[in-house]
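# Fold and contact review
Each chain is listed here by its residues.
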Amino acid sequence: MYQQLFDLISANLPLTETDMKLCKQYIEPISVPKNTILEEEGTVPQHLYFVVSGFVRLFSLNSKGEEVTTHINCPPGFITSYTHFINETKASEKLGCITDCELLRVTKEDLDALNQKSPLFKDFSIWVFQQSLAYNEKRSQELATLTAEERYRKLIIEHPEILQNVPIQHIASFLGMNPKSLSRIRKQISK
């Protein structure tokens, strides 16, 4: 289950056998059924997750009690409530499995220990968090500047696997619209 993580690391940094052993010592593989809540809102996130397979989302409830999806992770990649995980503060969102998932997870304490023992993992952790910041900036800009249809078309091109594996209400929320609006856009595009 570690191979995808090793491939991602190797694409960016020189991964050694020692680093792979350390990874397996500190990072735990788990299988999780769909609809499982991995981290609860109002609690300090306990893990950083690497999604090997399946789809995971960050979401919260708005003032009307409706779920608002702020992030959907496509494998392979990392997901957690990053700011709260790093600062060990209570999260304002939940983290849940949309589908059955194969995950690797690491606690903050174990990640810190891994980063202490391996300069490679320290550099890789910095790279992961930089990627997260860049993604969030890009997403904020797109939500502010692109139309709903443009956001949907961009999703079709960049992440078609989301459309095949994630329920429409989560996709609509992630794109900043309601399901009826998304249905209307999908009909227009299919014509």
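All values derive from a computational prediction rather than experimental measurement.

When you go through the protein residue by residue, the secondary structure sums to nine helices and eight strands. At 17 Å, the protein has a C-alpha radius of gyration in line with the 16 Å of a compact globule built from 191 residues. Dimensions of the protein, computed from the C-alpha atoms along their principal axes, are close to 55 × 35 × 30 Å. A burial count over the protein gives 43% of its 191 residues as buried. Taking as baseline every contact in the protein between residues at least 6 positions apart, the subset at least 24 positions apart corresponds to 70%.

It is worth spelling out the sheet that holds strand E3 (residues 47-53) at this point. Pairing between the strands of a sheet is mediated by backbone hydrogen bonds and can be parallel or antiparallel. The four strands are arranged E1-E8-E3-E6 in an open sheet whose pairing can be described as antiparallel. Of all strands in the sheet, those with a lone pairing partner are strand E1 (28-32) and strand E6 (77-79), marking the two edges. Geometrically, the sheet is characterised by an average inter-axis angle of 35° between neighbouring strands, direction not taken into account. Judged from the five bridges that link them, E1 and strand E8 (residues 101-107) form a sheet pairing that is antiparallel. Pairing of Val-32 across the sheet is with Cys-101, part of E8. Running at roughly 100° to E3, helix H1 (residues 3-10) makes contact with E3, E6 and E8 of the sheet.

Quick look at the nonpolar core now. Leu-5, Ile-27, Leu-48 and Phe-78 are the most contacted members of the largest nonpolar core, which totals 25 residues. When residues of this core are traced back to their parent elements, those giving at least two are H1, helix H2 (17-26), E3, helix H3 (82-87), E8, helix H4 (108-117) and helix H5 (119-145). A per-element tally of this core places H5 first, with five residues. Discounting residues that sit within four places of it in the chain, Leu-48 has contacts with Phe-78, Ile-79, Thr-80, Tyr-82, Phe-85, Leu-104, Arg-105, Val-106, Leu-111 and Phe-129. Val-166, Ile-171, Ala-172 and Leu-175 belong to the second-largest nonpolar core, a separate cluster that totals 15 residues.

All right, on to the packing of helix H6 (residues 148-158) against helix H9 (residues 179-190) then. One can describe the packing of H6 onto H9 by two numbers: an axis separation of 10 Å at closest approach and a directional angle of 70°. Overall, the two elements H6 and H9 adopt an arrangement that is roughly perpendicular. For the pair H6 and H9, the crossing hand works out as right-handed. Within the contact between the two elements, H6 uses Ala-148, Glu-149, Tyr-152, Arg-153 and Ile-156 and H9 uses Leu-182, Ile-185, Arg-186, Gln-188 and Ile-189.

Time to look at the pairing of E3. When you tally the buried positions in E3, you get six out of seven residues, the bulk of the element. Sheet topology places E3 next to E8; six bridges connect them, and they run antiparallel. Residue pairing for E8: Leu-48 is matched across the bridge by Val-106. Judged from the three bridges that link them, E3 and E6 form a sheet pairing that is antiparallel. Bridge pairing in E6 links Val-51 to Gly-77.

Between H5 and H6, the shortest axis-to-axis distance is 9 Å and the interhelical angle comes to 140°. Judged by the angle between their axes, H5 and H6 are oblique. Across the interface between the two elements, Lys-138, Glu-142, Leu-143 and Thr-145 of H5 pack against Glu-150, Arg-151, Lys-154 and Glu-158 of H6. Tallied by class, residues from the contact of H5 with H6 come to one nonpolar, one polar and six charged.

On to the environment of Asp-112. Counting through the fold element by element, Asp-112 comes out in helix H4. Using a relative accessible area of 34% as the deciding quantity, one classes Asp-112 as partly exposed. Residues Asp-112 and Ser-125, spaced 13 residues apart in sequence, show a C-alpha to C-alpha distance of 9.7 Å.

Thresholds applied
- Residues numbered from 1 in each chain as written.
- Predicted model: local features only at pLDDT ≥ 70, side-chain atom pairs only at ≥ 80, totals over all residues.
- Heavy atoms only, no water.
- Helix = DSSP H or I, 4+ residues; strand = E, 2+ residues; numbered from the N terminus.
- Rg over C-alpha atoms; globule rule 2.2 N^0.38 Å.
- Buried < 20%, exposed > 50% of the residue type's maximum accessible area, 1.4 Å probe, protein only.
- Contact = heavy atoms within 4.5 Å.
- Pairing = 2+ DSSP bridges.
- Axes fitted to C-alpha atoms, helices over the stretch in contact; angles between N-to-C directions.
- Core = buried A, V, L, I, M, F, W, Y, C linked by side-chain atoms within 4.5 Å.
- Parallel < 35°, antiparallel > 145°, perpendicular 65-115°, else oblique.
- Left-handed = near helix turned anticlockwise from the far one by under 90°.
- Nonpolar A, V, L, I, M, F, W, Y, C, P; charged D, E, K, R; others polar.

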